[in-house]
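Analysis of the macromolecular model
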Amino acid sequence: MIRRLSCYKTVVRPIPILTSQFVRRNSKLIVDNDEIAAEVTTPYILPDRSYKYKEGKVYNEFLCERVEYISDFELMSCTMRHLGTGTKLWYIDRNDTNNVFSINFRTPPFDSTGLPHILEHLALCGSKKFPVRDPFFKMLNRSVATNMNALTAVDFTVYPFSSRNEVDFRNIQQIYLDAVFSPNLYYLDFLQEGWRFEHSDINDPRSEIMLKGIVYNEMKGIFSENTRIFKRSMIKNLLPSYAYSYVAGGDPLEIPKATYGNLIKFHRKYYHPSNARIFCYGSFDLAKTLELLDKDYLSKYNVIDNSYSRSPSEPRWSQPRYAHTIGRLDNMGASADKQNQIAIGLLMCDTTDVQECFELKVLTEILIRGPNSPFYKSLIEPNFSGGYNKNTGFFSLCRDSYFILGLHDLSVENFSRFNDLYSQTILKVVESGFTPQHIESVLNKIELSLKHQSPEFGNSILFSSMTLWNHDGNVVDNLRVSDMIGRLRTRLKDDENYLQKKVEKYFIKNNHKLTLTMAPDEMYENNFKQAEDNIIKATLNTFDSAKLGVIYQNGLKLKEWQIAPYNPNDLPCVSIGDVKNPLSYPKVDIKTIEGVPTYLCGVSTNGITYIKCFFNISGLSQDDVMFVPLFCKVLNKFDTSNRNFRELDELILTKTAGINFKLFFVENVRDAKSYRIGIMMTTHTLDKNVPDMFELCQELLLNFKLEDMGRLKMFVENYISTVSKNISVKGHLHAMLGSAALVTSASKLKSLLTGIDHISFMKAYIEENSTENILNRFQNIGTRAFSKSNLQVAINASEAQHPAAVQCLERFLNSLPASEQVITDQAVDFLNPVSSTHHYHMSIPLSYCAKSFFAVPYLHEDHPILRVLAKFISSKYLLPVVREQNGAYGAAPTLDLNE
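Analysis parameters
- In this convention, every chain numbers its residues from 1, walking through the sequence in written order.
- Selection of residues for local features in this predicted model requires a pLDDT of at least 70, selection of side-chain atom pairs for listing and counting requires 80 or more, and totals for whole chains, interfaces and linings are taken over all residues.
- Calculation of side-chain values draws on the structure's entire complement of heavy atoms; hydrogens and water are dropped beforehand.
- Only DSSP runs of H or I covering at least 4 residues are called helices, and only runs of E covering at least 2 are called strands; the numbering of each starts at the N terminus.
- Computation of the radius of gyration draws on C-alpha atoms alone. For the globule rule, the value is 2.2 Å times the number of residues to the power 0.38.
- Only protein chains enter the area calculation, which uses a 1.4 Å probe; residues under 20% of their type maximum are buried, those over 50% are exposed, and those in between are partly exposed.
- When two rings of Phe, Tyr or Trp (its six-membered ring) have centres within 6.5 Å they constitute a pair, described as stacked for plane angles under 30 degrees, edge-to-face for angles over 60, and tilted for the intermediate range.
- Any Lys NZ or Arg CZ found within 6 Å of a ring centre and within 35 degrees of that ring's normal is scored as a charge over the ring.
- In protein, a polar contact requires one atom able to donate a hydrogen and another able to accept it; more generally it is a pair of N or O atoms within 3.5 Å, and residues adjacent in sequence count only if both atoms are side-chain atoms.
- In this description, contact between two residues means that some pair of their heavy atoms is separated by no more than 4.5 Å.
- At least two bridges found by DSSP between two strands are what make those strands a pair.
- Simply put, an axis is a line fit to the C-alpha atoms, just over the touching stretch for a helix, and the angle between two N-to-C directions goes from 0 to 180 degrees.
- To estimate how far a helix should extend, the number of its residues minus one is multiplied by 1.5 Å.
- Each patch groups residues whose relative accessible area exceeds 30% and which form no salt bridge, using 9 Å between like charges and 5 Å between nonpolar side chains of Val, Leu, Ile, Met, Phe, Trp and Tyr.
- Accessible areas in this description were obtained via Shrake-Rupley with a 1.4 Å probe; residue shielding takes into account the shown protein chains only.
- Counted as salt bridges are all cases of a side-chain nitrogen of Lys or Arg within 4 Å of a carboxyl oxygen of Asp or Glu.
- Note that His is not counted, nor are the chain ends; the positive residues are Lys and Arg, and the negative ones are Asp and Glu.
- For charged residues, the charge sits on one atom: NZ in Lys, CZ in Arg, CG in Asp, CD in Glu.
- We call two directions roughly parallel when the angle between them is under 35 degrees, roughly antiparallel when it is over 145, roughly perpendicular when it lies between 65 and 115, and oblique otherwise.
- For any helix crossing, the convention is left-handed if the near helix is rotated counterclockwise from the far helix by under a right angle, and right-handed if that rotation is clockwise.
- Residues are grouped as follows: nonpolar covers Ala, Val, Leu, Ile, Met, Phe, Trp, Tyr, Cys and Pro; charged covers Asp, Glu, Lys and Arg; every other residue, Gly included, is treated as polar.
- Definition of nonpolar core: a set of buried residues of the types Ala, Val, Leu, Ile, Met, Phe, Trp, Tyr and Cys, connected through side-chain atoms within 4.5 Å.
- Disulfides are defined in this document as cysteine sulfur pairs within 2.5 Å.
- pLDDT measures the predictor's confidence residue by residue and takes values from 0 up to 100.

Here the focus is the overall build of the protein. A tally of regular secondary structure across the protein gives 30 helices and 26 strands. On C-alpha atoms alone, the protein measures out to a radius of gyration of 28 Å, which is about the 29 Å that the 2.2 N^0.38 rule sets for 899 residues. Projected onto its principal axes, the C-alpha positions of the protein cover 80 × 70 × 65 Å. Buried residues in the protein amount to 55% of all 899 residues.

Below you can see the structure in the form of structure tokens.
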């Protein structure tokens, strides 16, 4: 999925289309009422028959086809269809102020030139009603949106946004709709956003000619990371027959084959309303959206047959296949002889089979998740690799779902071992099955996730439903998670071998199986650069002087185009009056319980109690602090005095959503002259399980036993392997951490604990020290950290739940030891400005740059001004200069690295 931009966050399967044709004649719709009646007579149970939208009724030329209440999420779902074009619309009515809107189109690629992706960019570069270059970015300082985005997936393109302000919501809605249905699609924007030949010095026609373009550069970045190279090869070889064999975002070496003419044709073909799906979520009036859609856009079109955009199922194989691919040698990774990957991919069921997909998701979780899973025992615990390949899991991102199981950082000699252990494990599972406790722990985690709903809930529904909806699956049934769990429980009760039969079907009798291996090539980058140079030379050799002159002239024209002024009044903007009513925040009651500062927040949490415990470890020596990130990763994966790690893992997931630990920095918000470093423990559970949750926390904190040296060695090696992966994906963060580390002691420590410096430190330490030394560090960290003298607690629950939660908290606190904390804060020191630059050499074709300076603390009067200024700097200078004029994928300032 190609993400165009992740904008600013807040505190952060449908009915088949009728076969009848609807046409517009003399501004009147001709509809076959018998067919409509047949479609809507299927009985649905509605809790309130007086709901404002009724099945079979027409609203602003939209036929309401299905209305359903989803009790799991307390929402009303309405599926509609525009009579004139067949455009599908899904409305979720829910009492949520963070409203979401999106429009998406099926856009299966027919090559790897990236046309769907380039079009995604160009659509947001100005339209008929909003003739401003790149209104998408220029709205950043004219909007209070909680999210604005555009994404190109494997076979569809989606334009989503969300906002809590209705004026803002309507503004962006108009821009997005005009962008997709009436985009300008100028040639110069194609050169900028897609690809172009350009002189290194645009003013000198004798200077070197280079390949440039935002999508081109973005995709070079995407395929600079081995995890993505491996996954692309897996999908291409597992689904070779249709669209999925191509790269929708664009293969960097194929993008220069994309033409402007083909892009125009692609838009005309795929961006038709009959090929569109529209999503609305939240509490704003749908009628205004329906009126806008029909009056301004859909009424201007007639229905067409959209079957051309459907992705068919992959023909099943008669025998397994094998493939091999090459990756980049990672200078931050394991030794070269171990930078290999292997995985088995299995094509599973049709994505539109909602219940089957759900059950396969549960089954694969049971197979791979945690210490009680069969594959964890057979593949991870023997410790001959760096752990699971990051692509491991069940996926329903294409027409056919698939499952991938793989390992990274292993020697070629262990490929056969992996294959043997895979086969042995599957046969053992079919013979022995699973323990009821392990199954229950996975189901409990899913059930608890139903109750846990984030501020981005609307976006979550959209993103989890897009693929299913794209293939005409039932998105509403997909929301009935309780029903799916209930059906699965019944089947498990009726047939004790139910899951084993699925394993036999999908893992043993399934011939659509691909074994993919990958090895590093130290010449990978050189080979890519040579291929890029060959493209430039081969193309330019066919150019005469006139065509070469066009390259020069286009460079000058694009420069003028980029710096040309625009009329800001062409874009809508929220005013101060539109945002005069700020969001209300729940009251926080601050108490001291057993000597511990406790923050009680009374808010509706859907029957869940949330707890956060911050243990201040500022008194630890830096030598010990360096191992806190690893300590946090492994603490909940070992035995305790009363339970072994397998029992503990099952119990934790049966009673809670998991108990997690994380390194945490806290800046002094008043003067920024000091900071605290701590361990944050977080968990949540159903209100009825709060006593069990606290008992399990107590068990972990007071009775941990980090004594299994073999297990510790496995986790240490896997930890280093994991943190050294995907560096390029977080390149901006690492660059910011590195630059800030040159400014203050606090930022330097943060980089040492979370940045590239931490990876370098851990690798060097392991090479020079034994695992026993790390164990000693862990013992010291745990003994000194988990004291109520170092503790602050926050509880979020309904006010009615507070007394019971506090009672459990008191017992928990009484069990913790008290100790003297000599140091509670660390002073912030400013570093010598002489060492003002630092460079990390990485074996990737990308550069990430950052510059840092000390600003003001959070409570300073200038802090909100600087936050607003950062938004203006981004939209007014950095994006036009760095992104548009110089081709970088993005640039943005931030006041804090945690934002």
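A word on the packing of aromatic side chains. Evaluated as defined, the whole model comprises 46 aromatic pairs. Between the aromatic rings of tyrosine 53 and tyrosine 59, the centroid separation amounts to 4.9 Å while the plane-to-plane angle is 85°, which identifies the pairing as edge-to-face. Using a relative accessible area of 8% as the deciding quantity, one classes tyrosine 53 as buried. The interplanar angle of 85° and the centroid separation of 6.2 Å between the aromatic rings of tyrosine 53 and tyrosine 91 together place this pair among those described as edge-to-face. In this pair, tyrosine 53 sits in the loop between α1 (33-40) and β4 (58-59) while tyrosine 91 sits in strand β7 (residues 88-93), placing the two residues 38 residues apart along the sequence. The residues tyrosine 53 and tyrosine 91 share a single accessibility class, namely buried. Directly above the aromatic system of tryptophan 317 lies the positively charged group of arginine 321, at a separation of 4.0 Å from the ring centroid. Here the guanidinium or amino end of arginine 711 rests over the ring plane of phenylalanine 645, the centre of that ring lying 3.6 Å away.

Topologically, serine 721 is positioned in helix α24 (residues 709-723). Side chain to side chain, serine 721 and histidine 408 meet in a polar contact 3.1 Å long. In this structure, serine 721 is in contact with Gly386, His408 and Asp409, ignoring residues within four places of it in sequence.

So, about the sheet that holds strand β19 (residues 513-521). Read across the sheet, five strands follow the order β15-β19-β16-β18-β17 without closing on themselves; strand pairing throughout is mixed. Single-partner strands in this sheet number two, and they are β15 (321-328) and β17 (393-395). In this sheet, adjacent strand axes meet at a mean angle of 25° when their direction is disregarded. Sheet analysis places strand β16 (residues 340-350) next to strand β18 (residues 400-410), joined by nine bridges and oriented antiparallel. Bridge assignment links leucine 347 to a residue of β18, and that residue is tyrosine 402. Of the strands in this sheet, β15 and β19 touch helix α18 (residues 524-540), which is tilted by about 90° from β15.

This next bit is on the pairing of β19. For β19, the tally of buried residues reaches seven of nine residues, placing the bulk of the element in the interior. Sheet topology note: the β15/β19 ladder contains eight bridges and is parallel. When the bridges of β19 are listed, isoleucine 326 appears paired with alanine 519. Pairing of β16 with β19 involves six bridges; the strand directions are antiparallel.

The next thing to look at is the environment of threonine 539. Within the secondary structure, threonine 539 sits in helix α18. Given the relative accessible area of 25%, threonine 539 is considered partly exposed. Here the alpha-carbon distance between threonine 539 and leucine 83, two residues 456 residues apart in the chain, equals 49 Å.

What follows concerns helix α13 (residues 436-451). An ideal rise of 1.5 Å per residue puts 22 Å on 16 residues; α13 measures up with 23 Å between its terminal C-alpha atoms. Along α13, the residues that are buried comprise His438, Ile439, Ser441, Val442, Leu443, Asn444, Ile446, Leu448 and Leu450. Contacts made by the buried residues of α13 are with α10 (354-368), α16 (481-494), α17 (498-508), β22 (608-616), α22 (645-655) and β24 (674-686).

Quick look at a positive patch on the surface now. Taken together, the side chains of Lys390, Lys633, Lys637, Lys662 and Lys730 make up a positively charged region of the molecular surface. Looking at the element boundaries, lysine 637 is found in the loop between α21 (628-634) and α22. Taking the relative accessible area as the measure of exposure, lysine 637 reaches 31% and is therefore partly exposed.

Scanning the entire structure with this criterion turns up 39 salt bridges. Across the pair aspartate 495 and lysine 501 runs a salt bridge whose closest N-O atoms are separated by 2.8 Å. One network of salt bridges, with partners in common, ties together Lys88, Arg106, Arg277, Arg310 and Asp472.

Time to look at unusual backbone geometry. The phi dihedral of aspartate 472 falls on the positive side, at around 65°, and the residue is not glycine. For aspartate 472, a relative accessible area of 25% corresponds to the partly exposed category. Positive phi values are uncommon outside glycine, yet alanine 672 reaches one of about 60°. Take alanine 672: it is sitting in the loop between β23 (660-667) and β24. Given the relative accessible area of 3%, alanine 672 is considered buried.

Moving on, we come to the packing of α10 against α16. Orientation of α10 relative to α16, taken along the N-to-C sense of each, is 70°, at an axis distance of 10 Å. Our classification of the angle between α10 and α16 gives roughly perpendicular. Where α10 crosses over α16, the handedness of that crossing is right-handed. From α10, Val354, Gln355, Phe358, Glu359 and Val362 reach across to α16, where they touch Val481, Met484, Ile485, Arg487, Leu488 and Arg491. For the contact of α10 with α16, the class distribution of residues is seven nonpolar, one polar and three charged.

For the pair α13 and α16, the least separation of the axes is 10 Å and the interaxial angle reads 165°. With respect to their mutual orientation, α13 and α16 come out roughly antiparallel. Handedness of the crossing formed by α13 with α16: left-handed. Of the residues in α16, those touching α13 at Ile439, Glu440, Leu443, Ile446, Glu447 and Leu450 are Val481, Ser482, Ile485, Leu488, Arg489 and Leu492.

Before going further, it helps to spend a moment on the nonpolar core. In terms of nonpolar packing, the biggest core is built from 133 residues, with Phe507, Phe661, Ile679, Phe778, Phe786 and Phe812 touching the most fellow members. If one sorts the elements of this core by residue count, α10 sits on top with nine residues. Of all hydrophobic cores here, the second largest spans 96 residues; its members include Phe181, Leu211, Val215 and Phe528.

The next subject is α17. Among all positions in α17, only Tyr498, Leu499, Gln500, Lys502, Val503, Tyr506 and Phe507 are buried. Turning to α17, the residues buried within the fold contact β16, α10, β18, α12 (415-432), α13 and α16.

What the rule picks out here adds up to zero disulfides. Cysteine cysteine 601 shares no disulfide, and the gap to the nearest cysteine sulfur, in cysteine 613, comes to 16 Å.

Further remarks concern the side chain of arginine 66. Mapped onto the elements, arginine 66 comes out in strand β5 (residues 62-70). Among the polar contacts listed, one links the side chain of arginine 66 to the side chain of glutamate 68, at a separation of 2.6 Å.

Before going further, it helps to spend a moment on the environment of asparagine 510. Mapped onto the elements of the fold, asparagine 510 is located in the loop between α17 and β19. Considered as a pair, asparagine 510 and serine 318 are 192 residues apart in the sequence and their alpha carbons are 8.9 Å apart. Excluding anything up to four places from it in sequence, asparagine 510 contacts Leu346, Leu347 and Lys505. Within the structure, the side chain of asparagine 510 is placed 2.8 Å from the backbone oxygen of leucine 347, a separation counted as a polar contact.

Here the protein averages 89 in pLDDT, and 93% of its residues register 70 or above. Taken as a whole, residues 1-47 scores under 50 in pLDDT and shows 124 contacts with residues more than four places along the chain or in a different chain.

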